[in-house]
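Here is how the chains run, residue by residue.
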Amino acid sequence: MIRGEPALEVKDLKTHFNTQDGTVHAVNGVSFTLHEGEFLGVVGESGSGKSVSMASLMRLIPMPPGEIVGGSVMFENQDLLQIDIDELRKVRGGDVGFIFQDPMTSLNPVLTIGNQITESLKLHTELDKKERNSRALELLELVGLPDAAQRLKSYPHELSGGMRQRVMIAMALACTPKVIIADEPTTALDVTIQAQIIEIVRDLRSKLGTALIWITHDLGVVAGLADRVLVMYGGRIVEEAPVRELYATPHHPYTKGLLDSVPRLDQKGEELYSIEGQPPSMYTEPTSCSFAPRCPHAFDRCAQEVPPLRLISPGHKAACFFNVTTGEPYVD
Amino acid sequence: MTDLQEQSTSTGNGDVVISVRGLKKHFPIMKGVFRRQVGAVRAVDGVDFEIYRGETLGLVGESGSGKSTTGRVILQLDDATDGSITYLDEELTTVSTNRMRELRKQMQMIFQDPHACLNPRMTVASIIGEPLVENSTMDKEARRARIDELLTQVGLDPSHANRYPHEFSGGQRQRIGIARAIALNPEFIVCDEPIAALDVSIQAQVVNLLKQLQEDLSLTYLFISHDLSMVRHIADRVAVMYLGHIVELAEVDDLYDNPKHPYTQALNSAVPLPDPIAESTRQRTILEGDIPSPANPPPGCVFSTRCPVAVDRCFTDEPAWRDTGGGHWVACHLA
């Protein structure tokens, strides 16, 4: 496993949305470190805060109604939550690239593909026009777009979903970023096209050595791609572990429930485990474990305190008062 | 298709509820001031299959493969362009409107998006009660009792009957849609991507509910989905669609453990497994390119443009739909 220097250090990040119906506590104290060249998977269901927390890193949430109420994001010795917006713009699309879920809505429909890729090169590099164009062509070839030279002159609507997502990846890679944040990049794609994109990302990893945050709800995608996984629930990280360890010995009952409720293509079906109940309401600041109402192991303490992340083994943390190994609550 | 082949398709396990023969659905493409037809989207382009009583037939495919259109045409929500659909020996493509109205009680549908398919201005009781008002002679009290029974059956609290859809979560809304579908004791239900819009932990709840109801009410399902793992879990037999054609159909384990069509093989290997160790050693077939447009499908085999093993005749001759033994049907020259 690759473990470089920390590329991104996030501490106690909190994001709220102030709506008419009250304050939505979307992210409630998220801390993690992304290492250089590491592939980090972020798994969670809708409303778990996975997208909001990662968008908050670059202050990419609409403010208002959004508000980053606390925490720090250290990148290259500066706190991205404190620096002024012009400084931050140099980071966005420069040292930190983005890939969004829906390439149709994140590409500009009236600009050619070539224009959109060279735009960020113009902002973030010293290259002249000719160099920018040849760099754009090189990038499209890198992500395996057929007829790359031709495609530079195409508009987004002339490309298929898979091709558009390749363009998004090319754009994210344009300025050789240190970190790429990919938010459900394959969710809108068909499974054979998803496989193509995953293959490209695997291939790029060996060529480029960029660190990657891959946000998804699909436990299968993460299993084959990530070095380490964060599991989110109720706006918090509930478990964090190296990928093999997480799937082999999950420690949080939510992670375990999630893994058990996913059917496997290579195995015959039995009754699926289902996590009863519904995801938590985010309108109140959590004062207890958000998963407790659905948890098979919950006991009185779970309804009284928010469980902190507890170190299970090197690199493996879980936010739970119950020790699944011994089958008894932890004694602090 | 020859008579011999036709015979062997219909000799199956148990009686046939739905039988589809040479079904086509083409949507016309109109152009110009006079809206002249200049072409057609061949959404479904000649499919044959049966659905047996009490079974779940999984219908899988990627977007644009024609799987949802097939489901809609079977229920006559869209008219077929060609071919026949029989429900218990009754031909649906020529049946009268009145008779179809009768038959609809026995044939229901569960939709993908539980936000879009429930009227936001009707209470849950009136949503579930509507088919009862239209199609039964129940009085108000009997109806109320039936609504309570249905809500209990799908795992909702009967005391919530007077609430509106927006007060429920996605999973609960899907349960309301299921309660409406089973209200008239149907025989056959088309489930069109019923879990695609739901979260992982809620998907399992809904699938378990569908399985339970099938057992309790002896329902027959056509389960349309793009999620191959979930289809393996719920289906008895599975049909794989590509560009308006069924390319393979077999018993569920046979199809997943021993896929014969190169498309099924590629599809299987493209689905990520929730297991890092299995993923790291997996052999993958990555298909090149995209699905061709159904308005302009390739000649010969529809899969030929992306097929990793295609030979010359795949580009010219359409492969026959044949039984390779044990009810394992495949349309491929090389299988």
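Residues numbered from 1 in each chain as written. Chains lettered and ligands numbered in written order. Predicted model: local features only at pLDDT ≥ 70, side-chain atom pairs only at ≥ 80, totals over all residues. Heavy atoms only, no water.

**Student:** So, the interface of chain A and chain B: which residues are in play, and what are the values?
**Tutor:** Counting residues at the interface gives 43 residues for chain A, matched by 42 residues for chain B. The contact between chain A and chain B buries some 3700 Å² in all, and 57% of this surface belongs to carbon and sulfur atoms. For the pair chain A and chain B, the interface holds 2 salt bridges. Taking the shortest distance from any N to any O, the salt bridge between A:Arg202 and B:Glu279 comes out at 3.7 Å. Our enumeration of links across chain A and chain B arrives at 17 residue pairs in polar contact (both at pLDDT 80 or more). Elements with a minimum of two residues in the side of chain A that touches chain B: α8 (191-208), α9 (219-225) and α10 (243-248) of chain A. Among the elements that make up the side of chain A that touches chain B, the one with the highest residue count is α8(A) (8 residues). (Contact = heavy atoms within 4.5 Å. Buried area = accessible area lost by both parts, 1.4 Å probe. Salt bridge = Lys/Arg side-chain N within 4 Å of Asp/Glu carboxyl O. Polar contact = N/O pair within 3.5 Å; in protein donor to acceptor, adjacent residues only side chain to side chain. Helix = DSSP H or I, 4+ residues; strand = E, 2+ residues; numbered from the N terminus.)

**Student:** I'd like to hear about the packing of helix α4 (residues 113-124) of chain A against helix α7 (residues 161-173) of chain A, residue by residue, with values.
**Tutor:** Residues and elements named next belong to chain A. Two numbers describe how α4 lies on α7: the axes approach to 9 Å, and their chain directions differ by 20°. It follows that α4 is roughly parallel to α7 by the angle criterion. α7 is crossed by α4, and the crossing has right-handed handedness. Here α4 contributes Ile113, Gln116, Ile117 and Ser120 to the contact with α7, which in turn contributes Val167, Ala170 and Met171. Taken together, the residues that form the contact of α4 with α7 break down as 5 nonpolar, 2 polar and no charged. (Axes fitted to C-alpha atoms, helices over the stretch in contact; angles between N-to-C directions. Parallel < 35°, antiparallel > 145°, perpendicular 65-115°, else oblique. Left-handed = near helix turned anticlockwise from the far one by under 90°. Nonpolar A, V, L, I, M, F, W, Y, C, P; charged D, E, K, R; others polar.)

**Student:** Please set out the pairing of strand β2 (residues 36-52) of chain B residue by residue, giving values where relevant.
**Tutor:** All names here are of chain B. By the bridge criterion, 13 bridges tie strand β1 (residues 16-31) to β2 in an arrangement that is antiparallel. The partner of Val20 across the bridge, within β2, is Phe49. In this antiparallel pair of consecutive strands, β1 and β2, the connection spans 4 residues, and Gly32 shows a positive phi of 85°. (Pairing = 2+ DSSP bridges.)

**Student:** Which residues make up the packing of aromatic side chains, and what are the values?
**Tutor:** Applying the stated criterion to the full structure yields 8 aromatic pairs over all chains. For the ring pair B:Tyr242 and B:Phe303, a centre distance of 5.1 Å and an interplane angle of 85° mean the geometry is edge-to-face. Of this pair, B:Tyr242 sits in strand β9 (residues 237-242) while B:Phe303 is found in the loop between α11 (276-280) and β11 (322-323), placing the two residues 61 residues apart along the sequence. As far as burial versus exposure is concerned, B:Tyr242 and B:Phe303 are alike and both buried. Residues B:Trp321 and B:Trp329 carry aromatic rings whose centres are separated by 5.6 Å and whose planes lie at 35° to one another, so their mutual orientation is tilted. Chaining the aromatic ring pairs together yields one cluster made of A:Tyr233, A:Tyr254 and A:Phe291. Directly above the ring of A:Phe39 sits A:Arg205, whose terminal nitrogen or CZ lies 3.9 Å from the centroid. In this structure, B:Lys25 packs its charged tip against the face of B:Phe27, placed 4.9 Å from the ring centre. (Phe/Tyr/Trp six-rings, centres within 6.5 Å; stacked < 30°, edge-to-face > 60°. Buried < 20%, exposed > 50% of the residue type's maximum accessible area, 1.4 Å probe, protein only. Lys NZ or Arg CZ within 6 Å of the ring centre and 35° of its normal.)

**Student:** So what's going on with the domain arrangement of chain A? Which residues, and what values?
**Tutor:** Residue and element names in this part refer to chain A. For chain A, the assigned domains read domain 1 (6-95 + 177-263 + 273-288) and domain 2 (107-174). Each of domain 1 and domain 2 has a C-alpha centre, and these two points are 26 Å apart. Both sides together, the interface formed by domain 1 and domain 2 hides about 1100 Å², and carbon and sulfur atoms give 72% of it. Counting the surface domain 1 buries against domain 2, the share from its top three residues, Ile197, Ile200 and Leu204, is 35%. (Domains from an automatic or database assignment.)

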